[in-house]
Amino acid sequence: MTTNDEDRPSLPEYRNNPFINRLPDLLATDESVRAMIDLPTHSDAERRYPSHFRCHCLLRLSNYFDPLERQIEFQLLVSMLIRQGYLGRNPDTTDFLHRLHNDYERVLRKDIQARLHPVESTASGIAMIGVSGIGKTRSVQRVLRLYPQVIRHTEPFSLDQVVWLRLECPHKGSAKQLCISFFQEMDRLFHERFRAKHGGSRSSLEGMLIDMAALADRYALGLLVVDEIQHLTRASGANREDLLNFLVALVNTIGIPVLIVGTPAALPVLQGALRQARRGSGLGNLYWPRFENDATWNYFVERMWRFQWTHAHTPLTDELRAVLYEESQGIIDLAVKLYMMTQLHVILRDAMAGRDTDERLTVALFRHVAKKSFMLVKPMIDALKRNDMEALAEFDDLKPLNDHVNRVFQDAIARLALREAAETAPSPQATVAAADGEATILAALARAKSENPGLGPLELMAVVAEKLQGHEPEVPPAKPSKARPKKAPTTQPSDPNDLRVIIASAAEISGYDALLAAGAIKPPLRDVAA
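So, a few notes on the structure that sits alongside this text. This one's a predicted model, so the numbers in the text were calculated from it and none came from an experiment.

1. Structural notes on the overall build of the protein
At step 1: When helices and strands are tallied, the protein shows 25 helices and seven strands.
At step 2: The burial tally for the protein puts 48% of its 530 residues in the buried class.
At step 3: When contacts within the protein are restricted to residue pairs at least 6 apart in sequence, those whose partners lie at least 24 apart make up 76%.
At step 4: Here the protein displays about 26500 Å² of accessible surface, and carbon together with sulfur accounts for 52% of that area.

As structure tokens, this is what we get:
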């Protein structure tokens, strides 16, 4: 039930603390869901869009986020972490000044434990541990977005309050690199030179940790999030201990709440540190296993299933539910990607074959796409099916799968767009190109991608169109020789309706605009508007 602002209760322990008073209101469950949800836009009219447009629509599912019970509980936990940490750092009391004096003493003595005044820490350190792809990082990002990152205070004091800061543990688990990342984030927020001042090549790790703690205190950091903490397992023993001891000191000595996020691979190196940093807060730690095939999973699948961009909507059946769970094993990220890729597969298959079908989703299609696209994570899927936790600990990153999915979509969108452009060209040459030139288009696309790795699909289309004006068929590379081969003469096309002639004759406009002006291709939204 939503609570009106005038009816919201005020907790006495939070009431007179400026660091807490400027935070957003505490959220009821329904308010929390509405604030975090991120569903893609969708309409039935989009089913009639050209194939390559519908592939772009499918990419909206990449950011799909529909809060479940886990995320709602996590939002509440973060709310308590931040506010409880600020209880012991009220700037209207002498405690805050005492903390700043202690920071100066630590910098002076180069000792993280040094202090001039006794102060009480009300902070807690907790961990969120879960298998890759279960939604940890996305959940953290959505919850942090509920809070402003920086709050500027002008009365009764002048101070910039950093509510939260999220860092990723370096791939080699380097404590020094984590400190540098902290200084760089502070530079980004305040346009200062913290990285140059505190993170130079001559700075010692101990000095960087002390400076990092002092800055966190000076800017009233409400929560430090360290993601991908499993990378710590790759660090040397001494380096790993330095970082863990520092995170514990941030909680216990400096009073900064710390949330660490990672996969089960991190548990062996975290367990001792977590016991030291919890401070008996009662908040505990979070473990997110894969979802069971139960009511929660069915709720997630039913809501996701609404977002289809095939010509006809495929109803959700028990058989489709079963295959989606079997091939994803209750991993949210895999289920969403499989749903995206299967729709892409059927749209691309029928468009490239020139068929106009309903593009139905079937059990066989899901199995085929999973077998073809999930090869990179097959060992992880097999370990989940066996419930082999030891084997699961080896999988700490789904980035290779994410990169693969992005490449597949990029290729599909570019191929469909170029094919449609060739099919709508009125000249005989364009008709021949549409029928026999797919190899030419694919070769030009591959070359454009290798030469322009940072471009998106639409930019690649423009580059390929430019390349087609002087394209020659690919030939196998000749054996290397010392003599420089002579370049074979090329014959220039002369037909004014030839796509290459149209593009070559363009004076001050792009090749795409020249084709559009000549009527060789249709405006992108003409069919949609009709």
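2. Some remarks on unusual backbone geometry
At step 1: Of note in the backbone geometry, Lys 110 takes a positive phi value of approximately 55° without being a glycine.
At step 2: Here Lys 110 is to be found in the loop between α6 (94–109) and β1 (125–130).
At step 3: The exposed category is assigned to Lys 110, whose relative accessible area is 55%.
At step 4: The phi angle at Gln 329 is positive, at roughly 55°, despite the residue not being glycine.
At step 5: With respect to the secondary-structure elements, Gln 329 resides in the loop between α14 (318–328) and α15 (332–352).

3. Comments concerning the state of the cysteines
At step 1: Counted according to the given criterion, the structure contains zero disulfides.
At step 2: Here Cys 55 is not cross-linked by a disulfide; its sulfur's nearest cysteine counterpart is in Cys 57, at 8.9 Å.
At step 3: A relative accessible area of 0% places Cys 55 in the buried class.

4. Looking at the nonpolar core
At step 1: One finds Leu 223, Phe 300 and Phe 366 to be the most contacted residues of the largest nonpolar core, which totals 78 residues.
At step 2: No other element matches α15, which puts 13 residues into this core.
At step 3: Beyond its immediate sequence surroundings of up to four residues, Phe 300 is in contact with Tyr 64, Leu 68, Ile 332, Ala 335 and Val 336.
At step 4: Val 162, Cys 169, Ile 229 and Val 269 belong to the second-largest nonpolar core, a separate cluster that totals 46 residues.

5. Notes on the pattern of salt bridges
At step 1: Going through the model one piece at a time under the given rule, you end up with 19 salt bridges.
At step 2: A salt bridge links Arg 349 to Asp 350, with the shortest nitrogen-to-oxygen separation between them at 2.9 Å.
At step 3: What makes Asp 350 buried here is its relative accessible area of 1%.
At step 4: Members of the salt-bridge network, linked through shared partners, are Asp 38, Arg 138 and Arg 142.

6. Some details on the side chain of Ser 121
At step 1: By secondary structure assignment, the location of Ser 121 is in the loop between α6 and β1.
At step 2: What makes Ser 121 buried here is its relative accessible area of 8%.
At step 3: Engagement of the side chain of Ser 121 in a polar contact is seen with the backbone oxygen of Val 251, the distance being 2.6 Å.

Basis of the calculations
- Residues numbered from 1 in each chain as written.
- Predicted model: local features only at pLDDT ≥ 70, side-chain atom pairs only at ≥ 80, totals over all residues.
- Heavy atoms only, no water.
- Helix = DSSP H or I, 4+ residues; strand = E, 2+ residues; numbered from the N terminus.
- Buried < 20%, exposed > 50% of the residue type's maximum accessible area, 1.4 Å probe, protein only.
- Contact = heavy atoms within 4.5 Å.
- Areas by Shrake-Rupley, 256 points an atom, 1.4 Å probe, with all protein chains shown as cover.
- Disulfide = S-S within 2.5 Å.
- Core = buried A, V, L, I, M, F, W, Y, C linked by side-chain atoms within 4.5 Å.
- Salt bridge = Lys/Arg side-chain N within 4 Å of Asp/Glu carboxyl O.
- Polar contact = N/O pair within 3.5 Å; in protein donor to acceptor, adjacent residues only side chain to side chain.

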